[in-house]
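# Observations on chain architecture
Listed below, chain by chain, are the residues.
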Amino acid sequence: MGPNAADSTMLWGNYTGYPTQTTTILQGIQKKLSPLTTHYSPLTYIRACGLTRNEVQESRFAQLRTPDGHPGMTATYWNNTEQQGEPVAHAVMTEPINLSNGGATVFAPGVNLENFSARYEGTFTPASDEVLTLREGSDDKIRIYVNDSLIIEQRQSRHRIDYREKEMTFKGGETYRIRIDYVQIEDMAAMQFDLFKRTVQTSSQLLADIGDANTVIFVGGISPQLEGEEMKVDEPGFRGGDRTSIELPQVQRDLLKMLHDAGKKIIFINCSGGAMALAPEADICDAIIQAWYGGERAGEAVADILFGDYNPSGKLPLTFYRSTDDLPDFLDYRMQNRTYRYFRGRALYPFGYGLSYTTFKLGKPTYAKNEVSVKVTNTGTRSGDEVIQVYVRRPSDKEGPLKTLRAYQRVSLKAGETKTVRLPFPRERFEGWDASTNTMRVLPGKYELMVGTSSDDNSLKKITVKVK
């Protein structure tokens with residue numbers, strides 16, 4: 001279930017190239033299950049909701065017909081920006097359009113990577129009256145016509161994908177001509193288009209569709225369509241591409257609670273570019289995977305973790321707070337009570353945190369001859385990796401950071417194995433801000449070294465060190 005399960009472009013993130021092929025999380029799970037269908041019930045996918053709204057989008061692209069009556073839309077390409085002269089390529093689009101020149105991929109054989117134009121044409125004849133939405137996402141100039149009436153237009157070239165949509169009423173039995181003119185100028189090229197119906201499913205409908213399945217993999221979170229630089233986004237928790245709230249969107253929060261109340265086991269896969277406040281979800285979900293915007297093979301990676309073919313060892317590169325209320329005002333840019341270095345509250349998932357399918361135990365750390373040493377034991381039943389982290393603090397600096405990560409090392413251990421991890425820690429790693437000289441330098445005095453597997457105070461083992 002979930003709005004991000006079958007979304008490939010979500011996995012790309014922002015400020016990236018565009019892969020030639022992407023495995024969605026749904027596809028990764030389907031691929032993993034395909035050899036096991038004789039032992040397991042078939043996998044069912046239900047989108048259930050949007051990212052921020054209680055609606056699903058049922059594509060009508062499969063009902064489009066080319067001018068000569070075949071399924072899809074015809075695509076015509078010119079290697080100029082004026083759609084002039086002989087076309088260099090023709091194609092038929094049978095699925096919602098999702099094209100880019102990422103990875104030096106052309107829109108069609110014979111088409112330039114840059115400085116080209118395209119026209120997509122098809123007809124749509126609905127069986128009954130419907131209110132549908134036409135949505136496009138593109139980087140450069142685009143015009144969309146329905147029956148020769150211009151309904152969407154972007155005249156300027158941009159170096160990012162912008163999304164626009166238009167809601168229209170279509171009469172049953174009538175035929176509508178849809179034409180898209182796209183012009184690519186330089187650098188990135190991206191063209192996306194679909195025609196869909198928005199529908200809302202009730203809780204009773206969703207539970208009936210889920211049936212007696214006892215486990216739900218819910219792939220949610222947010223998306224690059226919501227967060228990014230200078231975006232035209234006006235949804236709860238977002239403003240112009242900025243996030244004003246770090247909470248999971250309420251529609252997803254309500255749906256997960258409904259699943260929990262119905263007695264379902266929930267594996268929640270959260271996709272986001274930054275921290276999310278998941279306090280209610282941490283209480284009701286049986287497992288949470290932070291999948292970020294995982295790239296072209298994210299679906300395979302997630303499936304490998306879900307089915308135990310890979311033992312995860314990732315560590316959070318930032319703090320996951322319990323609530324938006326834990327943070328200062330959105331427009332307050334001071335570091336006070338932000339990040340693991342200055343946050344005085346209790347984090348939901350602290351910086352450096354991450355679980356494994358095995359367990360580890362650390363011995364008492366020591367510091368000698370510019371080196372931190374600690375014994376690490378794999379106390380579980382599977383081989384796995386742990387990341388040993390060393391933080392430093394100068395107790396006399398009351399205005400300084402609570403701790404600062406200054407060393408870390410990954411260690412691989414078989415079940416039951418013990419190793420001594422040695423982390424170089426020369427004098428310069430005690431460096432900090434000296435307000436009296438307005439410089440970064442090592443000040444003589446007492447320091448605390450904190451050794452553990454995350455920045456959580458309760459799990460860190462402390463050593464007092466005197467630096468001359």
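For the structure itself, consult the block above.
The following refers to the structure shown. Each chain has its residues counted from 1, running along the sequence as written. Local features in a predicted model are, by the rule used here, given only for residues with pLDDT of at least 70; side-chain atom pairs are given and counted only at 80 or more, and totals for whole chains, interfaces and linings are based on all residues. Derived side-chain values reflect all non-hydrogen atoms in the structure, with water molecules and hydrogen atoms excluded from consideration.

## Let's talk about the overall build of the protein chain
- Put simply, DSSP H or I for four residues or longer makes a helix, DSSP E for two residues or longer makes a strand, and each gets a number counted from the N terminus. Counting its regular elements, the protein chain contains 6 helices and 26 strands.
- In terms of its C-alpha atoms, the protein chain occupies a principal-axis envelope of roughly 80 × 55 × 40 Å.
- To sort residues, take the accessible area from a 1.4 Å probe on protein chains only and compare it with the maximum for the residue type: under 20% means buried, over 50% means exposed, and anything in between is partly exposed. By the burial criterion, 46% of the 468 residues in the protein chain qualify as buried.
- Considering only contacts in the protein chain between residues 6 or more positions apart, those separated by 24 or more positions represent 68%.
- For the accessible areas, the method is Shrake-Rupley and the probe is 1.4 Å, while residue cover comes only from the protein chains on display. A total accessible area of about 23,800 Å² is found for the protein chain, and carbon and sulfur atoms account for 48% of it.
- Positive charges come from Lys and Arg, negative ones from Asp and Glu, while His and the chain ends are left out of the count. The location of each charge is read from NZ of Lys, CZ of Arg, CG of Asp or CD of Glu. In the protein chain, which carries 57 positive and 58 negative side-chain charges, the distance between the mean positions of the two groups comes to 11 Å. Residues count as neighbours in contact if any of their non-hydrogen atoms are within 4.5 Å of one another.

## Quick look at the pattern of salt bridges
- Any Lys or Arg side-chain nitrogen found within 4 Å of a carboxyl oxygen on Asp or Glu counts as a salt bridge. Under the criterion given, the structure shown has 28 salt bridges.
- In this structure, E130 engages K197 in a salt bridge whose closest nitrogen and oxygen atoms are separated by 3.9 Å. Of this pair, E130 sits in strand 6 (residues 130-138) while K197 sits in strand 11 (residues 190-199), placing them 67 residues apart in sequence.
- On the basis of relative accessibility, which here comes to 27%, the residue K197 falls in the partly exposed class.
- Note that R253 is salt-bridged to E247, the shortest N-O span being 3.1 Å.
- Given a relative accessible area of 14%, R253 falls into the buried group.
- Here the salt bridges do not stand alone but share partners, grouping E55, R135, E165 and R198 into one network.

## Brief notes about the environment of L11
- If you trace the backbone, L11 turns up in the segment before helix 1 (25-33).
- Note on L11: relative accessible area 1%, which makes it buried.
- Each C-alpha atom, one on L11 and one on P224, is 8.5 Å from the other, the two residues being 213 residues apart in sequence.
- Ignoring any residue separated from it by four or fewer positions in sequence, one finds L11 in contact with T22, T23, T24, I25, Y293, G294, G295 and A298.

## Digging into the sheet that holds strand 10 (residues 176-184)
- At least two DSSP bridges between two strands are required for those strands to pair. The antiparallel open sheet is built from 6 strands, whose spatial order is 3-2-5-10-7-8. Each edge of the open sheet is held by one strand with a lone partner, namely strand 3 (89-93) and strand 8 (149-154). The average undirected angle you get between the axes of adjacent strands in this sheet is 15°.
- Where strand 2 (residues 73-78) lies against strand 5 (residues 116-124), 5 bridges are found, and the strand directions are antiparallel. Looking across to strand 5, one finds that A75 is bridged to Y120. For helices, the fitted line uses only the C-alpha atoms of the stretch in contact; every axis is such a line through C-alpha atoms, and the angle between N-to-C directions lies from 0 to 180 degrees.

## Side note on the pairing of strand 16 (residues 287-290)
- As judged from the 4 bridges shared by strand 15 (residues 265-271) and strand 16, these two strands associate in the parallel manner. Residue pairing for strand 16: I269 is matched across the bridge by I289.

## Regarding the side chain of S272
- One can find S272 in the loop between strand 15 and helix 4 (279-284).
- Within the structure, S272 has its side chain in polar contact with the side chain of N270 (distance 3.3 Å).
- One polar contact links S272 to Q290, side chain to side chain, over a distance of 3.1 Å.
- If we ignore the near neighbours within four places in the chain, the residues touching S272 are I222, E227, Q290, W292 and Y293. Any pair of nitrogen or oxygen atoms within 3.5 Å is treated as a polar contact; in protein, a donor-acceptor pairing is required on top of that, and neighbouring residues in sequence qualify only through side-chain atoms on both sides.

## Considering the packing of aromatic side chains
- Classification of ring pairs uses Phe, Tyr and Trp, with its six-membered ring standing for Trp, and accepts pairs whose centres are within 6.5 Å; under 30 degrees between planes counts as stacked, over 60 as edge-to-face, and the remaining range as tilted. Scanning the model with the defined rule gives 18 aromatic pairs in all.
- Centre to centre, the rings of F124 and F170 are 5.4 Å apart; their planes meet at 85°, and the pair counts as edge-to-face. Of this pair, F124 sits in strand 5 while F170 sits in strand 9 (residues 162-170), placing them 46 residues apart in sequence. Like F124, the residue F170 is buried in the burial classification.
- Taken together through their ring pairs, the aromatic side chains of Y77, F107, F116, Y120 and Y182 make up a single cluster.
- Remark: a charge is flagged as sitting over a ring if the NZ atom of Lys or the CZ atom of Arg is within 6 Å of the ring centre and within 35 degrees of the ring normal. For the cation-ring pair, R179 lies above Y145, with the distance from its terminal atom to the ring centre recorded as 4.2 Å.

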